[in-house]
Amino acid sequence: MSTPNSPSKDSEANPSKQDDPPEEWQIQLSTLKSQADDAFRKKDYSTAIQHYTSCITLDPTNHILYSNRSAAYLSNKEKSRSLTDARKCVELSPGFVKGYSRLAAAM
């Protein structure tokens, strides 16, 4: 049994990935997400949606991406698509409270 300050056996066998340099897809994902966030701030929702969609292609289990794309769809008056993404966000991360606010906003 590990104590709070000691590493678990899993982390001893698999060193922290934080020490590893990011992989190419992670760099691409970060760049695309920044572009999507910038487009959203500029109220260019169609571009934001395109970039978030590209991000989701690279990391389809990232609930934040679905949450952000849901907000972009809603801002672009695409409630049905916003609702679909909000549902996916909550499915992927039931503890992510913002997902439920996205869900409510899209209904």
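Cut-offs applied
Residues numbered from 1 in each chain as written. Predicted model: local features only at pLDDT ≥ 70, side-chain atom pairs only at ≥ 80, totals over all residues. Heavy atoms only, no water. Helix = DSSP H or I, 4+ residues; strand = E, 2+ residues; numbered from the N terminus. Buried < 20%, exposed > 50% of the residue type's maximum accessible area, 1.4 Å probe, protein only. Contact = heavy atoms within 4.5 Å. Areas by Shrake-Rupley, 256 points an atom, 1.4 Å probe, with all protein chains shown as cover. Core = buried A, V, L, I, M, F, W, Y, C linked by side-chain atoms within 4.5 Å. Salt bridge = Lys/Arg side-chain N within 4 Å of Asp/Glu carboxyl O. Expected span 1.5 Å × (residues − 1). Lys, Arg positive; Asp, Glu negative; His and termini not counted. Phe/Tyr/Trp six-rings, centres within 6.5 Å; stacked < 30°, edge-to-face > 60°.

Draft legend 1. Spatial organisation of the overall build of the protein. A count of helical and extended segments in the protein gives 6 helices and 0 strands. Along the chain direction, N to C, the helices and strands of the protein fall in the order α-α-α-α-α-α. For the protein, buried positions account for 31% of its 107 residues. Counting contacts in the protein only where the partners sit at least 6 residues apart, residues at least 24 apart contribute 46% of the total. Entry remark: accessible area of the protein is about 7300 Å², with carbon and sulfur atoms responsible for 52%.

Draft legend 2. The arrangement of the nonpolar core in detail. Ranked by size, the top nonpolar core spans 15 residues in total, and within it A48, Y52, C55, L65 and A72 carry the most contacts. Elements supplying a minimum of two residues to this core: α2 (24-41), α3 (45-58) and α4 (63-75). Considering every element that reaches this core, the biggest residue donor is α3, with 5 residues. Contacts of C55, omitting those with residues within four sequence positions, involve L29, L32, K33 and L65. L83, A86, V90 and A106 belong to the second-largest nonpolar core, a separate cluster that totals 5 residues.

Draft legend 3. Geometry of the pattern of salt bridges. The final tally for this structure, using the stated rule, is 5 salt bridges. D37 serves as the salt-bridge partner of K33, at 2.9 Å between the closest nitrogen and oxygen. Taken together, the positions of K33 and D37, both in helix α2 and 4 residues apart, correspond to about one turn of that helix. Classification of D37 by relative accessible area gives buried; the value is 17%. For E78, the salt bridge goes to R81, with nearest N and O atoms at 3.4 Å.

Draft legend 4. Layout of α4. In a regular helix each residue adds 1.5 Å, so 13 residues correspond to 18 Å; α4 covers 19 Å between its end C-alpha atoms and thus fits that length. The complete set of buried residues in α4 reads L65, Y66, S67, N68, R69, S70, A71, A72 and Y73. On its buried face, α4 sits against α2, α3, α5 (79-92) and α6 (97-106). K77 sits one or two residues past α4 and shows a positive phi near 65 degrees.

Draft legend 5. Here's a closer look at the side chain of D59. Relative to the assigned elements, D59 resides in the loop between α3 and α4. The buried charged residue D59 lacks any salt bridge partner; its closest oppositely charged side chain belongs to K33, at an N-O distance of 11 Å. Those residues in contact with D59, other than ones at most four positions away along the chain, are W25, L29 and L65.

Draft legend 6. Spatial organisation of the packing of aromatic side chains. Per the stated rule, a full pass over the model turns up 1 aromatic pair. Pairing F40 with Y45 gives two aromatic rings, centres 5.3 Å apart and planes at 65 degrees, and the pair type is edge-to-face. Taking relative accessible area as the criterion, F40 reaches 27% and is therefore assigned partly exposed.

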